[in-house]
Amino acid sequence: MAVSFDLFAGFVDFAPAGSEARDILAFDADAFDDWLRDQTIDLQNWLKLADFKAGIGQVILLPDGRWILGLGRAIARARERFVLAAGFGKLPTGAYRLANELPNDLSLDMENLGCLLGGYRYGRYKNKQAQQPQLMLPQGCDADRLKTMAMAEALTRNLINTPANDMGPDALEQAAAALADHHGAHMNVVLGDALLTQNFPMIHAVGRAAEQAPRLIDMTWGNTGPQLTLVGKGVCFDTGGLDLKPASAMGLMKKDMGGAANVLGLAHMIMALNLPLRLRVLIPAVENAVAGNAFRPGDVLTARNGLTVEINNTDAEGRLVLADALALAAESPSDLTISMATLTGAARVAVGPDLAPFFAQQVADADQLMQAAAPAADPVWPLPFHTPYEKMIEPDIADLDNAPAGGFAGAITAALFLRRFAGDQTRYIHFDIYAWTASAAPGRPKGGAGQGVRAILTALPDLLDLPK
Ligand code: BES
Ligand code: ZN
Ligand code: ZN
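Residues numbered from 1 in each chain as written. Chains lettered and ligands numbered in written order. Predicted model: local features only at pLDDT ≥ 70, side-chain atom pairs only at ≥ 80, totals over all residues. Heavy atoms only, no water.

1. Brief notes about the side chain of Lys-254
Right, so step 1: Note on placement: Lys-254 falls in the loop between helix H10 (247–250) and helix H11 (258–272).
Right, so step 2: Here Lys-254 occupies a buried position and makes no salt bridge, while the nearest side chain of opposite charge, Asp-166, is found at 10 Å.
Right, so step 3: Ignoring anything within four residues of it in the chain, the contact list for Lys-254 reads Ile-160, Asn-161, Thr-162, Pro-163, Ala-164, Cys-236, Phe-237 and Trp-436. (Helix = DSSP H or I, 4+ residues; strand = E, 2+ residues; numbered from the N terminus. Buried < 20%, exposed > 50% of the residue type's maximum accessible area, 1.4 Å probe, protein only. Lys, Arg positive; Asp, Glu negative; His and termini not counted. Salt bridge = Lys/Arg side-chain N within 4 Å of Asp/Glu carboxyl O. Contact = heavy atoms within 4.5 Å.)

2. Let's talk about the coordination of the zinc ion (ligand 2)
Right, so step 1: Listed as protein donors to the zinc ion (ligand 2) are Asp-238 (OD), Asp-315 (O), Asp-315 (OD) and Glu-317 (OE); their distances from the metal cover 1.9 to 2.2 Å.
Right, so step 2: Around the zinc ion (ligand 2) sit 6 donor atoms; with metal-centred angles ranging over 73 to 168°, the donor geometry is irregular.
Right, so step 3: Within one chain, the residues donating to the zinc ion (ligand 2) are spaced in sequence as D-x76-D-x1-E.
Right, so step 4: Separating the zinc ion (ligand 2) from the zinc ion (ligand 3) is a gap of 3.2 Å, which Asp-238 spans by donating to each of them. Here Asp-238, found in strand E9 (residues 234–238), pairs with Asp-315, found in the loop between strand E12 (308–310) and helix H12 (318–329); they are 77 residues apart in sequence, far enough to count as distant. (Donors = N, O, S within 2.8 Å, 3.2 Å for Na, K, Ca; no water. Tetrahedral: all angles 85-135°; square planar, octahedral: opposite > 155°, others 65-115°.)

3. Focus: the pairing of strand E10 (residues 278–288)
Right, so step 1: Counted residue by residue, E10 has 9 buried out of 11 residues, so it is predominantly covered.
Right, so step 2: For strand E7 (residues 215–221) and E10, the ladder comprises 7 bridges, and the chain directions are antiparallel. Counterpart to Arg-215 in the pairing with E10 is Ala-285.
Right, so step 3: Here strand E8 (residues 227–232) runs beside E10; their pairing, made up of 5 bridges, is parallel. Among the inter-strand pairings, Leu-230 is bridged to a residue of E10, identified as Val-281.
Right, so step 4: Judged from the 4 bridges that link them, E9 and E10 form a sheet pairing that is parallel. When the bridges of E10 are listed, Phe-237 appears paired with Glu-287. (Pairing = 2+ DSSP bridges.)

4. What about the packing of helix H6 (residues 143–161) against helix H16 (residues 453–463)?
Right, so step 1: Where H6 meets H16, the closest approach of the two axes is 11 Å, and the angle between their N-to-C directions is 140°. When the axes of H6 and H16 are compared, the pair comes out oblique. Considering only the axes of H6 and H16, their crossing is right-handed. Packed against H6, whose contacting residues are Arg-145, Met-149 and Glu-153, the element H16 presents Arg-454, Leu-457 and Thr-458 at the interface.
Right, so step 2: Residue composition of the contact of H6 with H16, grouped by class: 2 nonpolar, 1 polar and 3 charged. (Axes fitted to C-alpha atoms, helices over the stretch in contact; angles between N-to-C directions. Parallel < 35°, antiparallel > 145°, perpendicular 65-115°, else oblique. Left-handed = near helix turned anticlockwise from the far one by under 90°. Nonpolar A, V, L, I, M, F, W, Y, C, P; charged D, E, K, R; others polar.)

From the geometry alone we can't say anything about function, so treat these as descriptive.
Take a look at the structure:
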């Protein structure tokens, strides 16, 4: 294919070994007070005049060339995901070495990761690229793993941040192909009308009104170990279809392929770290567009697995394209199937933009993910596959309703809908993510965002019984 995608653009690595680096003293408020007592009166006065108190994100240059970065108090730190990154991002370009130990409540690995993640800038359309400070590789960190995590996040952000005119179904396929190429994975694509002949009717119905043909991307990697199947919503733009979204809701809908962007980020980590498993990544890539041949409210579609679906809102398109992909996944044995999707506004209302809500068939899986969240600096929270709500997704004239009226439990009913396609034989987990940082925070620039994937990666050895 002609164009390729610069997968990891914007990723800022650790400074190369041997770089000339300046020292950073990272002090919390107490450690700063202790240190200050041993300094000259001149320096004490200097820092007092500058009103430096080692608050989170406060930085100051000492006359000897070292920098102090404030880490605040433990009670304030608990409110931030990354603390070191708050000050690190304010330093001038150059290489820096952390010269002291962090307080006990902070993880050296995650604070270093925060600095890597905070250096990312989306520069594709900027003529002038911003320069960022770089951290020297610290002792005692798993540098390869941190680097892999930061590269995966850059990939996910790049895919989401790229607007739909440059990240339609074609470009998403090319990006997936570039990743497959990078890792020697195999990729197959079912394109356009082949979706009909090969029985993916709902992917076709949702995507057929768009200029770029709908498709199903199918990537496989690895030949031993347990089977993990990832399914990501790849709606490259969601106008809502004939049930058109108002402008205020449509504005951000380039991010509706955030599930695909996240599963590709996770796939990158799995392949780069060479985890002993067999991986399959399925991405239905479509644009939910408006045209004379668009699917309509009231249409009844037959899904790949034979279930019929009454379309009560063309804006509930994500569950339709995922359903056919999940049905395909369920046709081969899988030890664990995980879907990720910007599926419902209800999920965002329930937990807000920072926390990734997920549904797990098995309580033990939910526990593993919850335990992995903090050490991976990736907060997740379980919601229930509440079976009694199955009634809500059963309409009058078909098996399933894609958009139940009533406005109750929208994230749950969407998850229950997907579960109908995941197959009874498989352990199934579904993430309903927001995939966007609306206001920048330390380590998290505004824009596309990975959610849940570091928690999944961290939990995978337990979830799949991998050798540790
Ligand atoms: N892509 C949207 C969901 C979405 C909107 C996620 C905003 C994150 C932020 C999805 O396709 C959609 O429009 N869902 C509808 C479903 C409803 C019509 C049943 C929703 O959530 O309103
Ligand atoms: Zn929609
Ligand atoms: Zn959508």
